[in-house]
Structure formats: C-alpha cells, structure tokens
Amino acid sequence: MNQLFDVSTTSRNMVSKFLSGYTLEQLNTIPEGFSNNLIWNIGHIIVSQQLLVYKLSGLPMMVSDELVEKYKKGTKPEHIVTQAEVDEIKSLLFETIQQTKVDYDNQLFKTYMEYTTSTGDHVLRNAEDAMAFSNFHEGIHIGNMMSIRKFI
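Keep in mind it's a predicted model, so treat the numbers as computed, not measured.

(A) A look at the packing of aromatic side chains. Applying the stated criterion to the full structure yields 5 aromatic pairs. Taking 5.6 Å as the distance between ring centres and 50° as the angle between the ring planes, the aromatic pair formed by Phe 34 and Phe 151 counts as tilted. In this pair, Phe 34 sits in the loop between helix H2 (24-28) and helix H3 (38-53) while Phe 151 sits in the segment after helix H6 (127-148), placing the two residues 117 residues apart along the sequence. Owing to a relative accessible area of 28%, Phe 34 belongs among the partly exposed residues under this scheme. With centroids separated by 5.6 Å and ring planes inclined at 50°, the aromatic side chains of Phe 133 and Phe 136 adopt a geometry described as tilted. Of this pair, Phe 133 and Phe 136 both sit in helix H6, 3 residues apart, which is roughly one turn of that helix. Here Phe 136 falls in the partly exposed class, since its relative accessible area comes to 43%.

And the structure:
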C-alpha cells in the first residue's frame, strides 16, 4: 500500500506545479475545444479520491459538500474560481493524501460499498482498490491538464 501512496504523492506533486505555475485567469480558462479547465481538473481529482476512498468506505470526507457538487463526476466549470477557492484546493491537494495514509495506517477503512467504475471494467471492493483506481484516474486528468496548458 505504501507504493500507492508514493504514486499518489508523485501525482499530486505534478498537479501542484499547475497551481504554482499559472495565474488565476489561466487556471479558469477553458480553451476552445475543451469542456473544462485546469482548476476544475484539480478540484475533480481531489473530490473523486475522497468519494472513492472515504464515502464508499462509509467515512466522513475531508472536502465540503459544496466542493463535491462543483467537482464530482458529471460536472463542468460553471463559475469563475476565486483565489480563496484555489487556496482551499491547494491545501487539500496534499492534506487529503496525508490524512488518507494516516487513516489507512490506523485501519479506519473496515467496510466498503462495492463500486463499478464508469469504465465498466473495474470493480472496486475496498479502499486499496479505490486508491489504485484513483491514481489511474488522476493520471488521466494530468494528461488532460497537459493538453489544456498548451492552449492557455
């Protein structure tokens, strides 16, 4: 499991470079031909990890219901993200992974509501499966972000 957390930390390090390397305007820009922007992708990976690992384990999430509603699967950017929201997302980027490791080490993840991913070929049966899939999911969104950055 330590390798899953290492991969997640590496992923989040890559994502943090987008937060520090782009202006608020650039983070909010949706390039022509795209349906979302850099900041939506970042918020989405944080919310998705929390939903997959915590909510499906029956545990309280570290993200607000408001963030979930803005960034869950099936949403798209519908507002201009403020600097305050960027700062909140920035703080959650690593806090969520660090706390997940603590909670995993403390064996908080005892139950899990089985979940079939939207690809239809992955069934998540426990928190370990959820973290592995979350890492894969983040990789997809990092790829999206790398494409978006070419057009902003």
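And the narrative resumes.
(B) Fine view of the pattern of salt bridges. Counted according to the given criterion, the structure contains 6 salt bridges. Linking Glu 66 and Lys 70 is a salt bridge whose minimum nitrogen-to-oxygen distance equals 3.3 Å. Residue Glu 66 and its partner Lys 70 are located together in helix H4 (residues 65-71), separated by 4 residues, close to a single helical turn. Residue Lys 70 is classed as partly exposed on the basis of its relative accessible area of 21%. With its nearest N and O atoms 2.9 Å apart, the salt bridge here joins Lys 70 to Glu 85. Taken together, the positions of Lys 70 in helix H4 and Glu 85 in helix H5 (residues 83-105) put the pair 15 residues apart, joining distant regions of the chain.

(C) Main features of H6. Look at H6: 31 Å from first C-alpha to last across 22 residues, which is about the 32 Å you get at 1.5 Å a residue. Those residues of H6 not exposed but buried are Ala 127, Ala 130, Met 131, Phe 133, Ser 134, Asn 135, His 137, Glu 138, His 141, Ile 142, Met 145 and Ile 148. Looking at the packing, one finds that the buried side of H6 touches helix H1 (2-21), H3, H5 and strand E2 (123-124). You can read the cap of H6 off the contacts: a side-chain oxygen lies 3.1 Å from the backbone nitrogen of Glu 128, and it is on Asn 126.

Parameters at a glance
Residues numbered from 1 in each chain as written. Predicted model: local features only at pLDDT ≥ 70, side-chain atom pairs only at ≥ 80, totals over all residues. Heavy atoms only, no water. Phe/Tyr/Trp six-rings, centres within 6.5 Å; stacked < 30°, edge-to-face > 60°. Helix = DSSP H or I, 4+ residues; strand = E, 2+ residues; numbered from the N terminus. Buried < 20%, exposed > 50% of the residue type's maximum accessible area, 1.4 Å probe, protein only. Salt bridge = Lys/Arg side-chain N within 4 Å of Asp/Glu carboxyl O. Expected span 1.5 Å × (residues − 1). Contact = heavy atoms within 4.5 Å. Polar contact = N/O pair within 3.5 Å; in protein donor to acceptor, adjacent residues only side chain to side chain.

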